[in-house]
Amino acid sequence: MKSIIAFLLSSTILLVALQGIAQSTIEIVDIETLKPIPYAHLSFESIQTKKKSYSITSLEGKSDNSVSEKSIIVISFTGYKTVLDTILPGEDKKYKLSTDLMNLDQVVVTATRTSKKLKDVPVITQLLLAEEIESRGITEIGSLLEDEVPGVEIHQAGYGADIKIQGLDANYVLFLIDGERMAGETEGNVDYSRINMNDVERVEIVKGASSALYGSQAMGGVINIITKKPNNKVEFSLGGKYGEMNQTSYPDLKSNDDFYFYKSKLDLPNLNLHGTLGFNLNKFMSKTNFNIKSSDAYILTSSDSLHKDYVDHDLKGVELPTMHIPGNEDYSISQLFEYQVTDKWRMRANANYYKHNIYDFKKDNIYDGYEDFNFGLKSIFSFSELSNLELSYNDDTYHKYEVNERIDWKNKLYNHHFYNPKAILNQRINEQHFLTVGLEDLAEELATMMFSSAIDSLVSKSSNTIIAYAQDDYQINSKWNMIGGFRMDHHSTYGTHLTPKLSMMYKLIPVTFRANYAMGFRSPTLKELYMDWSMLGMFDIKGNENLIPETNNYLSFSAEYTRSVFNISANFYQNWFKNKIGGYWSFDEYGKQVYNYTNIDKSQMHGLEVLFKYNIKRNFFISGGYSYIKDSQEMNNKSISAISPHSGNIRFEYTLTKRIYQLKVNLTGKFTGAKDYYELDDIEVNGQQEVGSYLAHYDPFSMWKFTISQSFHNGIYLVIGVDNIFDYKAPIVSNNSSLSPGRRGYISLNLKVDHLYREFRSLIQK
């Protein structure tokens, strides 16, 4: 009897051991070369229990098949088309991945507010991926947009960066983070430093009127920054970037010198430190991010004189302008939680804190301090595979202070608060129709001293908009797709506005044609309505409570040609504006210059954009674009548009991959054409103050960047780069010229600590 029991026991142990040895395997190879693809991401989701697990292929392109139930497997790797399949326990499988050099199979959400592959979106959309951002050491959204998007101009203003896209300023371009608005606008610009580029999964850029989906401020387009999510059970990464100083403002000051504080604040290192800790444990997901960055202040002096030959006046002037570029110091921390409550119900909560200091050259011991706190909740119910309901709430508050750096004192100057509850129902009707219906409440409150020059305290103004919208994505057949929708906004001051949108796409392989019509509108901002502010005593800014919303009609036609190694698209657009909100200068009764807001009856602009990508050889890639803009914005029959009609960008990329090592070399160029426009100025004529104008001219210029990126074991990333490699400096510096201090180098190092640990453990076990 004992011998029988011993036999059964030993047989059982042997069987278990053999089962362990006979672990089934998943193998991933390139479809052309049949070489293994290491570090490909695999995710498994049980069809019945929805239980999730993750894996990464080894250097041999292999991974264990560890599923215990029939599951969906998703295989993804940069530069290859994503594969979806089903897999059974104990099943051996081999997948051959085909390349997706143009990223046309990547999924985007911004253009239609639903998930669609880039090649199937009826609105021209640009997509910038994290891999492109990381390999070039980019840590600012403005730098990324300038490098990749033709027609983008970014200038430095006193409050930060000032962005123009397709000839429209920031008042017409809506910036979103994971689909949510940002508070704290100044001249239409939000605080772009808030965007942590180390946490960006992708950036989706939709140009053209999008008010039907996103409402006011989306008349010119939408830029949506999608953040990363943890894919592994545990993820931990650290990184830093150090850049060359722009200028040492106070090199020899002692710590007891009265100006020592200026040295310590203006000569900050150009540094960016960041870290992420993430968990993805079946039903529970968590991500914690921190980011610290600083940049030094510097002064630019023109090398050429600015000659002012005033029109309509026998006056001339000569200046040698200078610009003071302030230094910055930022801190941010963010937390994200997601929990799968049931198979059909998922919850999400996020919170972010951000602090931003701007140090100028004024020796008054006072600097500008900014703080932002936002949080959001989202609940997604999946009624079936055909329908789901999203309920969300987003709350964002942005503060501005003046702070004394020597004593514990700060004074609040500004408080901007957004809150935005939303309900979105997605319903697939049949194979052809996908319906999206939404209901929102967008409330805004702004408290600032700028609303009254008579009192030295915050004055609060508010507005509220109730929004309803609907959209039908109609797949007519395999060649035709049509998306139609409308949005109805009921503004607390301006009543109800209806904005329709219609997009058509026709595929005649290899050419795709797209046509779009959209109506947009923009309600005057609270500042444009109520501002009453003296700008450092130099001039006043006066709001206008009689402003009415501006509207536009946007029409575009595009054609896109795609072959396996070549993609080119051309997009022509026309934009008609009515009651566009602009400004003009005048003098008050005391002879002080005043900037006033007004509605401009009619204006229009049109343009052409060309984008291309070409994979010359397997490792050599070239991409770029060209933009032509004709802006007819005039005042007193003089063009006041400071947009360069011609601009373009180009990027050369070489990639070399050898098992655990990858090298990427990037050369990026940005061309800005010449521009001529009339600048308005305060002049004295016969003892009276008047507004004069002179023709401002800027020569064309180009800026080039060079980076070498190396990655080891897909866990160590080292980037060495040089900005402005030909040391271009604007001969005349102003808000409409380049403000680069010249050639500057930098180095960055990023570590995926969890990945390196797994690699090390794997080597030890072998």
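Conventions adopted
Residues numbered from 1 in each chain as written. Predicted model: local features only at pLDDT ≥ 70, side-chain atom pairs only at ≥ 80, totals over all residues. Heavy atoms only, no water. Salt bridge = Lys/Arg side-chain N within 4 Å of Asp/Glu carboxyl O. Buried < 20%, exposed > 50% of the residue type's maximum accessible area, 1.4 Å probe, protein only. Helix = DSSP H or I, 4+ residues; strand = E, 2+ residues; numbered from the N terminus. Core = buried A, V, L, I, M, F, W, Y, C linked by side-chain atoms within 4.5 Å. Contact = heavy atoms within 4.5 Å. Pairing = 2+ DSSP bridges. Polar contact = N/O pair within 3.5 Å; in protein donor to acceptor, adjacent residues only side chain to side chain. Axes fitted to C-alpha atoms, helices over the stretch in contact; angles between N-to-C directions. Expected span 1.5 Å × (residues − 1). Arc of directions from axis to C-beta. Phe/Tyr/Trp six-rings, centres within 6.5 Å; stacked < 30°, edge-to-face > 60°. Lys NZ or Arg CZ within 6 Å of the ring centre and 35° of its normal. Patch = residues over 30% accessible without salt bridge, like charges linked within 9 Å, V, L, I, M, F, W, Y side chains within 5 Å. Areas by Shrake-Rupley, 256 points an atom, 1.4 Å probe, with all protein chains shown as cover. pLDDT = per-residue confidence, 0-100.

Draft legend 1. Layout of the pattern of salt bridges. Across all of its chains, the model carries 31 salt bridges by this definition. Taking the shortest distance from any N to any O, the salt bridge between K93 and D85 comes out at 2.8 Å. According to the relative accessible area criterion, D85 is partly exposed, its value standing at 25%. As a salt-bridge pair, R136 and D147 come within 3.5 Å of each other at their nearest N and O atoms. Of this pair, R136 sits in the loop between α2 (130-135) and α3 (141-148) while D147 sits in helix α3, placing them eleven residues apart in sequence. The burial state of R136 is the same as that of D147; both residues are buried. Several salt bridges converge on common partners, so that one network encompasses E132, R136, D147, E148, R651, E653, K664 and K705.

Draft legend 2. Broad picture of the nonpolar core. Formed by 26 residues in total, the largest nonpolar core has its most connected members in Y398 and F451. Elements supplying a minimum of two residues to this core: β26 (345-359), β29 (409-428), β30 (433-448), β31 (459-475) and α6 (526-530). The greatest single-element share of this core, amounting to four residues, is contributed by β29. Residues within four places of F451 in sequence aside, it is in contact with L446, V459, K461, L526, K527, Y530, M531 and D532.

Draft legend 3. The pairing of strand β33 (residues 495-508), seen in detail. Looking at chain direction, strand β32 (residues 480-491) and β33 are connected through twelve bridges and run antiparallel. Within the sheet, the bridge partner assigned to H491 lies in β33 and is G495. In sequence, β32 turns back onto β33 through a hairpin of three residues. Two strands pair when backbone bridges link them, and β33 and strand β34 (residues 511-522) are joined in this way by eight bridges, in the antiparallel orientation. When the bridges of β34 are listed, M504 appears paired with A515.

Draft legend 4. Just the side chain of R514, in detail. Position of R514 relative to the elements: it lies in strand β34. Side-chain polar atoms of R514 contact the backbone oxygen of V121, separated by 2.6 Å. A distance of 2.6 Å separates the side chain of R514 from the side chain of E560, its partner in a polar contact. Apart from the residues within four sequence positions on either side, R514 is in contact with L118, K119, V121, P122, V123, I124, M504, M505, S556, F557, S558 and E560.

Draft legend 5. Structural detail: the environment of V610. Structurally, the position occupied by V610 is in strand β39 (residues 593-617). For V610, a relative accessible area of 23% translates into the label partly exposed. In this structure the C-alpha to C-alpha distance between V610 and P122, which are 488 residues apart in sequence, comes to 17 Å. Here V610 is in contact with I568, S569, A570, G624, G625 and Y626, once residues within four sequence places are set aside.

Draft legend 6. Inspection of the sheet that holds strand β17 (residues 221-227) at higher detail. Taken in spatial order, the five strands make up an open sheet running β10-β16-β17-β14-β15, and their pairing is mixed. Both edges of this open sheet fall to β10 (125-129) and β15 (180-181), since each of them pairs with a single strand only. Two strands pair when backbone bridges link them, and β10 and strand β16 (residues 200-207) are joined in this way by five bridges, in the antiparallel orientation. What sits directly across from T125, in β16, is V206.

Draft legend 7. Examining α3 more closely. Of all eight residues that make up α3, seven are buried, and the element is covered over most of its length. By the burial criterion, the buried members of α3 are I141, G142, S143, L144, L145, D147 and E148.

Draft legend 8. Structural context of the sheet that holds strand β45 (residues 675-685). Pairing is antiparallel in the open sheet, where four strands are placed in the order β23-β22-β46-β45. Each end of this open sheet is capped by a strand with a single partner; those strands are β23 (316-319) and β45. The mean angle between the axes of side-by-side strands here comes to 35°, regardless of whether they run parallel or antiparallel. Here four bridges tie strand β22 (residues 306-311) to β23, and the two strands are oriented antiparallel to one another. Bridge pairing in β23 links K308 to G317.

Draft legend 9. Inspection of helix α7 (residues 753-765) at higher detail. Helix length check: α7 (13 residues) gives 18 Å between terminal C-alpha atoms against 18 Å at 1.5 Å per residue, within 8%. When we look at burial in α7, the residues that qualify are D754, H755 and E759. Along the axis of α7, the buried positions cluster into a sector of 140°, meaning they face one direction only. Across from the buried face of α7, at angles greater than 90 degrees, the exposed residues are Y757, F760 and I764.

Draft legend 10. Molecular detail of the packing of aromatic side chains. On inspection of all chains with the given rule, the structure shows 19 aromatic pairs. In textbook terms, an aromatic cluster arises when at least three aromatic residues are bridged by ring pairs, as seen for F373, F375, Y393 and Y419. The ring of Y172 has R522 sitting right over it, with the charged end atom 5.1 Å from the ring centre.

Draft legend 11. The arrangement of the pairing of strand β2 (residues 41-46) in detail. Alternating residues of β2 divide into L42, F44 and S46, all buried, and H41, S43 and E45, none buried. Here β2 pairs with strand β5 (residues 71-76) via six bridges, running antiparallel. Each residue of the ladder has a partner; that of F44, found in β5, is I73.

Draft legend 12. Main features of unusual backbone geometry. At the junction of I509 and P510, the peptide bond is cis and its omega measures out at 10° in the coordinates. For P510, the location among the structural elements is in the loop between β33 and β34. Of note in this structure, H713 is not a glycine but carries a positive phi near 55°. Among the structural elements, H713 can be located in the loop between β47 (701-712) and β48 (716-723).

Draft legend 13. Structural detail: a nonpolar patch on the surface. On the surface, V234, F236, L238, L273, L277, F290, I292, Y331, I333, Y353, F373 and V753 cluster together into a nonpolar patch covering about 920 Å² of accessible area. Turning to its location among the elements, F290 is positioned in strand β20 (residues 284-295). On the basis of relative accessibility, which here comes to 34%, the residue F290 falls in the partly exposed class.

Draft legend 14. Region of interest: the confidence of the model for the chain. On average, residues of the chain score 86 in pLDDT, and 93% of them are at 70 or above. A low-confidence stretch, residues 11-22 stays under pLDDT 50, and its non-local contacts, those more than four residues away or across chains, total zero contacts.

Draft legend 15. Quick look at the environment of D699. Tracing the chain through its elements places D699 in the loop between β46 (688-698) and β47. Judged by relative accessible area, which is 49%, D699 ranks as partly exposed. For the pair D699 and L555, spaced 144 residues apart in the sequence, the C-alpha separation amounts to 31 Å.

Draft legend 16. A look at the side chain of S569. Structurally, S569 is set in strand β38 (residues 566-587). Taking the relative accessible area as the measure of exposure, S569 reaches 8% and is therefore buried. Those residues in contact with S569, other than ones at most four positions away along the chain, are I124, A559, E560, E609, V610 and L611.

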